[in-house]
Amino acid sequence: MTRAPDKLSRFNTVSLALGFAFLYLPIVILVIYSFNASRLVTVWGGWSLRWYTEFFNDRAMLDAALMSLRVAAVSATMATLLGTLAAVALSRGERFKGRTLFSGMLYAPLVMPEVITGLSLLLLFVALNAERGFWTVTIAHTTLTMCFVAVVVQSRLGSLDRSLEEAAMDLGCDPVRAFVAVTLPLIVPAIAAGWMLAFTLSLDDLVIASFTTGPGSATLPIRIYSEVRLGVKPEINAICTLVIGLIAVVIVVASLVAKLSSWRGESAAPL
């Protein structure tokens, strides 16, 4: 006899609705007010695209947005590559001397306050006499986000059946070829999720970027923060709405890539 699926009680439904309202209602209000024609943020003046036009005519804000996108894309790619290699070393590598120390140092940024990380990187760049700008911010964001990628990919590797790799090696593949042909297609969804997480974390970061940036390389969060200190302008609502839309597009694309790669990996696994 099959058991009927449990239904949500009224209490659970109300709790779920309140939770979603707490998370998403401020975002919905921000998006709506980005189309406000009034110069006053709290006064509704009708629907208008005025502040989107203001944003695209604001050269300083556009430069900051482009800087953030460049930093996020490059740092997410570097973090995905390094984090995936680290996850493979911890999951597939033999027990090596210093493994505990390596994993502890890899995951330290997860619990390290960003102020300490940013100040440490600033002192490092000053000691190396490195000019602060695009690459210092990119390296800092790679350091921050690499551990998140490693956690995601390592959890996926831990759930895979290693007998698939062993079967490939029994059929003549060396370990590298077995990993590329069998394991890599199966962990592509985790790699895509790690890249997406690293991209959004880099796009959002303010503290570390403020320590490692230099003249002419301010990111969008830094620019928005400097503007908000003088008062919230309606243009900020338009910028934030565009960022929300960009992140939504990235999530959809990454999800499609992950599903397609997972389907290809699962269809090829029995072969």
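Residues numbered from 1 in each chain as written. Predicted model: local features only at pLDDT ≥ 70, side-chain atom pairs only at ≥ 80, totals over all residues. Heavy atoms only, no water.

## Things to note about the pattern of salt bridges
Okay, so step 1: Under the defined criterion, the tally for this structure stands at 2 salt bridges.
Okay, so step 2: With a shortest N-O distance of 3.4 Å, Asp 63 and Arg 59 are connected by a salt bridge. One end of the pair is Asp 63 and the other is Arg 59, both in helix H3 (residues 59–92) and 4 residues apart, which spans about a single turn.
Okay, so step 3: The exposure class assigned to Arg 59 is exposed, which follows from its relative accessible area of 57%.
Okay, so step 4: Glu 227 is the partner of Arg 223 in a salt bridge, and the nearest nitrogen-oxygen pair spans 3.5 Å. One end of the pair is Arg 223 and the other is Glu 227, both in helix H10 (residues 220–228) and 4 residues apart, which spans about a single turn. (Salt bridge = Lys/Arg side-chain N within 4 Å of Asp/Glu carboxyl O. Helix = DSSP H or I, 4+ residues; strand = E, 2+ residues; numbered from the N terminus. Buried < 20%, exposed > 50% of the residue type's maximum accessible area, 1.4 Å probe, protein only.)

## With respect to the nonpolar core
Okay, so step 1: Grouped together as the largest cluster of nonpolar side chains are 19 residues, with contacts concentrated most on Val 149, Val 153, Leu 157, Leu 160, Ile 187, Ala 198 and Phe 199.
Okay, so step 2: Those elements giving two or more residues to this core turn out to be H3, helix H6 (134–159), helix H8 (175–204) and helix H11 (234–268).
Okay, so step 3: The biggest single contributor to this core is H8, with 8 residues.
Okay, so step 4: Beyond its immediate stretch of four places on either side in the chain, Leu 157 contacts Ala 87, Val 88, Ser 91, Arg 92, Thr 183 and Ile 187. (Core = buried A, V, L, I, M, F, W, Y, C linked by side-chain atoms within 4.5 Å. Contact = heavy atoms within 4.5 Å.)

## Some thoughts on the environment of Ala 181
Okay, so step 1: Within the secondary structure, Ala 181 is located in helix H8.
Okay, so step 2: Here the alpha-carbon distance between Ala 181 and Ala 168, two residues 13 residues apart in the chain, equals 8.6 Å.

## Digging into the side chain of Ser 217
Okay, so step 1: Within the secondary structure layout, Ser 217 lies in the loop between helix H9 (207–212) and H10.
Okay, so step 2: When sequence neighbours within four positions are dropped, the list of residues in contact with Ser 217 reads Met 67, Arg 132, Gly 133 and Phe 134.

## Structural notes on the side chain of Asp 58
Okay, so step 1: Mapping Asp 58 onto the fold places it in the loop between helix H2 (50–57) and H3.
Okay, so step 2: Classification of Asp 58 by relative accessible area gives buried; the value is 17%.
Okay, so step 3: Separated by 3.3 Å, the side chain of Asp 58 and the backbone nitrogen of Ala 60 make a polar contact. (Polar contact = N/O pair within 3.5 Å; in protein donor to acceptor, adjacent residues only side chain to side chain.)

## Side note on H3
Okay, so step 1: With 34 residues, H3 extends 49 Å between its outermost C-alpha atoms, agreeing within 8% with the 50 Å of an ideal straight helix rising 1.5 Å per residue.
Okay, so step 2: Among the residues of H3, the N-terminal cap falls to Asp 58, whose side-chain oxygen and the backbone nitrogen of Ala 60 are separated by 3.3 Å. (Expected span 1.5 Å × (residues − 1).)

## Let's talk about the packing of aromatic side chains
Okay, so step 1: Across all of its chains, the model carries 8 aromatic pairs by this definition.
Okay, so step 2: Taking the centre distance of 5.6 Å and the plane angle of 85° together, the rings of Tyr 33 and Trp 44 count as edge-to-face. Here Tyr 33, found in helix H1 (residues 10–33), pairs with Trp 44, found in the loop between H1 and H2; they are 11 residues apart in sequence, far enough to count as distant.
Okay, so step 3: A relative accessible area of 25% places Tyr 33 in the partly exposed class.
Okay, so step 4: Judged by relative accessible area, Trp 44 falls into the partly exposed class, the value being 35%.
Okay, so step 5: A centroid spacing of 4.9 Å and a plane angle of 80° characterise the contact between Trp 44 and Trp 47, whose relative ring orientation is edge-to-face.
Okay, so step 6: Among the residues examined, Trp 47 registers a relative accessible area of 63% and is labelled exposed.
Okay, so step 7: Through a chain of ring-to-ring contacts, the aromatic side chains of Tyr 33, Phe 35, Trp 44, Trp 47 and Tyr 52 assemble into a single cluster.
Okay, so step 8: It is Arg 70 that lies over the ring of Phe 134; its NZ or CZ is 4.4 Å from the centre. (Phe/Tyr/Trp six-rings, centres within 6.5 Å; stacked < 30°, edge-to-face > 60°. Lys NZ or Arg CZ within 6 Å of the ring centre and 35° of its normal.)

## A closer look at the packing of H2 against H3
Okay, so step 1: Where H2 meets H3, the axes come as close as 5 Å, and the angle between the chain directions of the two elements is 80°. By the angle between their directions, the pair H2 and H3 is classed as roughly perpendicular. Along the contact surface, H2 presents Phe 55, Phe 56 and Asn 57, while H3 presents Arg 59, Met 61, Leu 62 and Ala 65.
Okay, so step 2: Of the residues that constitute the contact of H2 with H3, the class distribution is 5 nonpolar, 1 polar and 1 charged. (Axes fitted to C-alpha atoms, helices over the stretch in contact; angles between N-to-C directions. Parallel < 35°, antiparallel > 145°, perpendicular 65-115°, else oblique. Nonpolar A, V, L, I, M, F, W, Y, C, P; charged D, E, K, R; others polar.)

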